Amino acid sequence: MSKLYSSQAAVELMREMVVMGLYPDMITYVEMINALCHAGRLEDACGLFKNMRDHGCTPNAVAYSALLHWVCKLGSSDRVLELLEEMEKECGTCSPNVVTYTSVIQGFLEKGQHVEALRILDRMETVGCAPNRFTVSPLVMGFCSKGYVDEAYQVVDKIAAGGSVSKTSYYSSLMFGLLNIRRLDAAEKLLMKMVTNEIKPNDCACSRLIRDVCFTGRVLDGFYLVREVTKMGVLPILDSAVYHILSYGLQLKGLLVEATELAGLKDEQRIQVEFVVRTPGMDLTLDEKLKY
């Protein structure tokens, strides 16, 4: 109710300004659009946006982006595409950029409209707007979360062909997506594909994979992954907690030769052990997850 009241008060104030011959500037319009949408008044916000030009204030990219953000949240997919097309026709400073397209993609994904999100990626290619890692990550992980693993691989292949995003970024996003749906087998194969092609794994992704393998009772397999990665000349950085999980697990299983080799890899600096910024689920304890 308070949001509705404040937005109505703002509308009345704007009307009084117009009566007095005082027209709002761009900042005021953007704030009004956000206020109206916060109150669930998308139609009023769209009407206000259309009236901007009549009051001598031509919408810029900031105004378009503000309205587009709310249309993605509250409006239909058709309306999103209409507004996006309008921005593309405006050209100049109003042309949508990678941030704009990424926002639309995320909006579609949040609504479960994965096909529409993928079409926006195609649209970016058509207009010559290269995606970045912030575009790729939600797409890949969004498809994986719904079980659309083949489609996630297709997104990665498409991005790879464009060359605008580092291989580490899109492969790591795919690995996180696979791990989130417990596809450890696929994630392990992906890691080996990366190191075979001399692509350094993302530190968090590599640590997360080894931790998850250990937490399924396959501590020795976790060690083998580390060994194979180092054999191929990739210097992995393991999270300190994951290193200790692996080392402790090997010792508990009586695999002292492997535990000694792991320590040797660390001492020889063939692996680095550091605190890695945690991803969701990285802080689980041994007692909670390690199985023997």
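Residues numbered from 1 in each chain as written. Predicted model: local features only at pLDDT ≥ 70, side-chain atom pairs only at ≥ 80, totals over all residues. Heavy atoms only, no water.

Comments concerning the confidence of the model for the protein chain
On average, residues of the protein chain score 81 in pLDDT, and 84% of them reach the 70 mark or higher. The secondary structure element of the protein chain with the lowest average pLDDT is helix α16 (residues 286–289), at 50, and the one with the highest is helix α11 (residues 184–196), at 90. Every residue in residues 1–5 scores below 50 in pLDDT, and together they form 4 contacts with partners more than four places removed in sequence or on other chains. Segment residues 277–284 is flagged for pLDDT under 50; beyond a separation of four residues in sequence, or across chains, it makes 16 contacts in the model. (pLDDT = per-residue confidence, 0-100. Helix = DSSP H or I, 4+ residues; strand = E, 2+ residues; numbered from the N terminus. Contact = heavy atoms within 4.5 Å.)

So, helix α10 (residues 167–180)
Under the 1.5 Å per step criterion, the end-to-end length of α10 is 20 Å for 14 residues, consistent within 8% with the ideal 20 Å. Across the 14 residues of α10, 10 count as buried, placing the element largely inside the fold. Taken residue by residue, α10 has Y170, Y171, S172, S173, L174, M175, F176, G177, L178 and L179 as its buried positions. Contacts made by the buried residues of α10 are with α8 (133–145), α9 (149–162), α11 and α12 (203–214). (Expected span 1.5 Å × (residues − 1). Buried < 20%, exposed > 50% of the residue type's maximum accessible area, 1.4 Å probe, protein only.)

Brief notes about the pattern of salt bridges
Under the defined criterion, the tally for this structure stands at 14 salt bridges. Ionic pairing is found between E188 and R218, a salt bridge with its closest N-O pair at 2.9 Å. Taken together, the residues E188 in helix α11 and R218 in the loop between α12 and α13 (219–231) connect sequence positions 30 residues apart. E261 serves as the salt-bridge partner of R227, at 2.9 Å between the closest nitrogen and oxygen. Placement of the pair is R227 in helix α13 and E261 in helix α15 (residues 256–267), with a sequence separation of 34 residues. Relative accessible area serves as the criterion here: at 21%, R227 is assigned to the partly exposed category. Among the residues examined, E261 registers a relative accessible area of 29% and is labelled partly exposed. (Salt bridge = Lys/Arg side-chain N within 4 Å of Asp/Glu carboxyl O.)

Quick word on the side chain of D212
Position of D212 among the secondary structure elements: in helix α12. Among the polar contacts listed, one links the side chain of D212 to the side chain of R211, at a separation of 2.4 Å. (Polar contact = N/O pair within 3.5 Å; in protein donor to acceptor, adjacent residues only side chain to side chain.)

Looking at α8
Compared with an ideal rise of 1.5 Å per residue, which puts 13 residues at 18 Å, α8 spans 18 Å between its outermost C-alpha atoms and is within 8% of the ideal. Residues of α8 that are buried: T135, V136, L139, V140, G142, F143 and C144. The backbone nitrogen of F134 lies 3.0 Å from a side-chain oxygen of the residue at the head of α8, namely N132. Directly beyond the C-terminal end of α8, a positive phi value near 85 degrees is found at G147.

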